[in-house]
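This is what each chain is made of:
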Amino acid sequence: MLTRRSQVIAGILLLMIVTVEIGGVFMTQVVTGNVERTDFQASFWRAGHAHAGVLTILSLTAVLLADAARVAWGAVGWLARLAIPVAGVLMSTGFFVSALGDGATGPNGFVVVLVLGGISLAVGVVSLGLSLLLPKLQLPAT
(Lines give C-alpha, C1' and ligand atoms only; values in the text may rest on other atoms or scores of the structure.)
Protein backbone atom coordinates (compact mmCIF):
# COMPACT_ATOMS: atom_id res chain seq x y z
CA MET A 1 0.00 0.00 0.00
CA LEU A 2 1.43 3.38 -1.00
CA THR A 3 1.45 6.23 1.46
CA ARG A 4 -0.38 9.35 0.32
CA ARG A 5 2.95 11.18 -0.07
CA SER A 6 4.29 8.42 -2.31
CA GLN A 7 1.05 8.44 -4.33
CA VAL A 8 1.62 12.13 -5.05
CA ILE A 9 5.27 11.54 -6.01
CA ALA A 10 4.30 8.60 -8.26
CA GLY A 11 1.50 10.61 -9.86
CA ILE A 12 3.88 13.45 -10.69
CA LEU A 13 6.42 10.98 -12.08
CA LEU A 14 3.81 9.38 -14.32
CA LEU A 15 2.80 12.81 -15.64
CA MET A 16 6.48 13.59 -16.28
CA ILE A 17 6.55 10.74 -18.78
CA VAL A 18 4.71 13.07 -21.16
CA THR A 19 7.81 15.30 -21.22
CA VAL A 20 9.90 12.24 -22.08
CA GLU A 21 7.50 11.55 -24.95
CA ILE A 22 7.90 15.12 -26.18
CA GLY A 23 11.65 14.58 -26.04
CA GLY A 24 11.11 11.50 -28.15
CA VAL A 25 9.40 13.58 -30.82
CA PHE A 26 12.37 15.96 -30.77
CA MET A 27 14.81 13.04 -30.97
CA THR A 28 12.93 11.70 -34.00
CA GLN A 29 13.53 15.06 -35.67
CA VAL A 30 17.21 14.92 -34.72
CA VAL A 31 17.90 11.41 -35.99
CA THR A 32 16.00 11.97 -39.25
CA GLY A 33 18.16 15.02 -39.98
CA ASN A 34 15.35 17.57 -39.61
CA VAL A 35 17.27 19.38 -36.83
CA GLU A 36 20.66 20.83 -37.68
CA ARG A 37 23.17 19.37 -35.22
CA THR A 38 26.65 17.96 -34.83
CA ASP A 39 27.39 14.32 -34.03
CA PHE A 40 28.29 15.41 -30.49
CA GLN A 41 24.93 17.13 -30.05
CA ALA A 42 23.01 14.14 -31.40
CA SER A 43 24.78 11.77 -29.02
CA PHE A 44 24.37 14.03 -25.97
CA TRP A 45 20.69 14.64 -26.73
CA ARG A 46 20.15 10.90 -27.22
CA ALA A 47 21.79 10.28 -23.83
CA GLY A 48 19.63 12.97 -22.23
CA HIS A 49 16.48 11.41 -23.59
CA ALA A 50 17.52 7.91 -22.48
CA HIS A 51 18.43 9.09 -18.98
CA ALA A 52 15.09 10.86 -18.63
CA GLY A 53 13.16 7.70 -19.40
CA VAL A 54 15.26 5.25 -17.44
CA LEU A 55 15.53 7.44 -14.34
CA THR A 56 11.80 8.13 -14.33
CA ILE A 57 11.13 4.38 -14.27
CA LEU A 58 13.82 3.89 -11.60
CA SER A 59 12.18 6.69 -9.59
CA LEU A 60 8.81 4.93 -9.66
CA THR A 61 10.51 1.73 -8.55
CA ALA A 62 12.30 3.55 -5.71
CA VAL A 63 9.04 4.98 -4.37
CA LEU A 64 7.46 1.53 -4.42
CA LEU A 65 10.46 -0.08 -2.72
CA ALA A 66 10.63 2.61 -0.03
CA ASP A 67 6.97 2.22 0.85
CA ALA A 68 7.05 -1.59 0.63
CA ALA A 69 9.95 -1.62 3.10
CA ARG A 70 8.15 0.98 5.26
CA VAL A 71 11.10 3.40 5.04
CA ALA A 72 10.43 6.20 7.54
CA TRP A 73 9.71 9.72 6.22
CA GLY A 74 12.76 11.29 7.87
CA ALA A 75 15.59 12.94 5.94
CA VAL A 76 16.90 9.61 4.63
CA GLY A 77 13.40 8.53 3.60
CA TRP A 78 12.81 11.73 1.66
CA LEU A 79 16.19 11.35 -0.06
CA ALA A 80 15.41 7.71 -0.87
CA ARG A 81 12.19 8.78 -2.58
CA LEU A 82 13.14 12.11 -4.18
CA ALA A 83 16.87 12.23 -4.97
CA ILE A 84 16.50 9.81 -7.88
CA PRO A 85 13.74 11.82 -9.63
CA VAL A 86 15.75 15.00 -9.06
CA ALA A 87 18.72 13.22 -10.64
CA GLY A 88 16.62 12.35 -13.66
CA VAL A 89 15.64 15.96 -14.19
CA LEU A 90 19.17 17.26 -13.62
CA MET A 91 20.95 14.66 -15.73
CA SER A 92 18.64 14.86 -18.72
CA THR A 93 18.66 18.67 -18.54
CA GLY A 94 22.45 18.61 -18.24
CA PHE A 95 22.83 16.49 -21.36
CA PHE A 96 20.50 18.73 -23.37
CA VAL A 97 21.66 22.20 -22.32
CA SER A 98 25.38 21.40 -22.26
CA ALA A 99 25.17 20.50 -25.95
CA LEU A 100 23.41 23.70 -27.05
CA GLY A 101 25.05 26.12 -29.45
CA ASP A 102 25.59 26.28 -33.18
CA GLY A 103 28.09 23.63 -34.22
CA ALA A 104 28.91 22.52 -30.67
CA THR A 105 31.50 19.75 -30.59
CA GLY A 106 31.91 19.49 -26.82
CA PRO A 107 29.96 20.32 -23.68
CA ASN A 108 29.57 23.90 -22.50
CA GLY A 109 29.62 25.08 -18.88
CA PHE A 110 26.17 23.66 -18.20
CA VAL A 111 27.76 20.21 -18.01
CA VAL A 112 27.94 20.93 -14.26
CA VAL A 113 24.17 20.26 -14.16
CA LEU A 114 24.90 16.74 -15.40
CA VAL A 115 27.47 16.28 -12.62
CA LEU A 116 24.97 17.51 -10.00
CA GLY A 117 22.50 14.98 -11.34
CA GLY A 118 25.05 12.21 -10.94
CA ILE A 119 25.60 13.24 -7.34
CA SER A 120 21.84 13.28 -6.71
CA LEU A 121 21.50 9.81 -8.22
CA ALA A 122 24.27 8.46 -5.98
CA VAL A 123 22.66 10.03 -2.89
CA GLY A 124 19.28 8.59 -3.84
CA VAL A 125 20.36 5.03 -4.50
CA VAL A 126 22.64 4.93 -1.44
CA SER A 127 19.85 6.33 0.76
CA LEU A 128 17.37 3.80 -0.57
CA GLY A 129 19.83 0.91 -0.40
CA LEU A 130 20.77 1.67 3.20
CA SER A 131 17.11 2.15 4.10
CA LEU A 132 16.32 -1.29 2.76
CA LEU A 133 19.27 -2.90 4.53
CA LEU A 134 19.03 -1.18 7.93
CA PRO A 135 15.83 -1.90 9.85
CA LYS A 136 16.39 1.12 12.16
CA LEU A 137 15.61 3.37 9.17
CA GLN A 138 12.23 1.64 8.75
CA LEU A 139 8.97 2.12 10.55
CA PRO A 140 8.18 -0.47 13.20
CA ALA A 141 6.03 -3.41 12.11
CA THR A 142 2.35 -3.08 12.97
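Before going into details, it helps to say that this report is about the structure given with it. (Residues numbered from 1 in each chain as written. Predicted model: local features only at pLDDT ≥ 70, side-chain atom pairs only at ≥ 80, totals over all residues. Heavy atoms only, no water.)

1. Topic: the packing of helix H2 (residues 39–68) against helix H4 (residues 111–133)
For step 1, the next point in the chain: One can describe the packing of H2 onto H4 by two numbers: an axis separation of 11 Å at closest approach and a directional angle of 25 degrees. Here H2 is positioned roughly parallel relative to H4, judged by the angle of their axes. The element H2 and its partner H4 pack so that their crossing is left-handed. Here Leu55, Leu58, Ala62, Leu65 and Ala66 of H2 come into contact with H4, specifically with Leu121, Leu128 and Leu132. (Axes fitted to C-alpha atoms, helices over the stretch in contact; angles between N-to-C directions. Helix = DSSP H or I, 4+ residues; strand = E, 2+ residues; numbered from the N terminus. Parallel < 35°, antiparallel > 145°, perpendicular 65-115°, else oblique. Left-handed = near helix turned anticlockwise from the far one by under 90°. Contact = heavy atoms within 4.5 Å.)

2. Some remarks on the nonpolar core
For step 1, the next point in the chain: In terms of nonpolar packing, the biggest core is built from 13 residues, with Val30, Phe40, Phe44, Trp45, Phe95 and Ala99 touching the most fellow members.
For step 2, the next point in the chain: Looking at this core element by element, the count peaks at 6 residues for H2.
For step 3, the next point in the chain: Excluding its chain neighbours within four sequence positions, the residues that come into contact with Phe95 are Phe44, Trp45, Ala47, Gly48, His51 and Leu114. (Core = buried A, V, L, I, M, F, W, Y, C linked by side-chain atoms within 4.5 Å. Buried < 20%, exposed > 50% of the residue type's maximum accessible area, 1.4 Å probe, protein only.)

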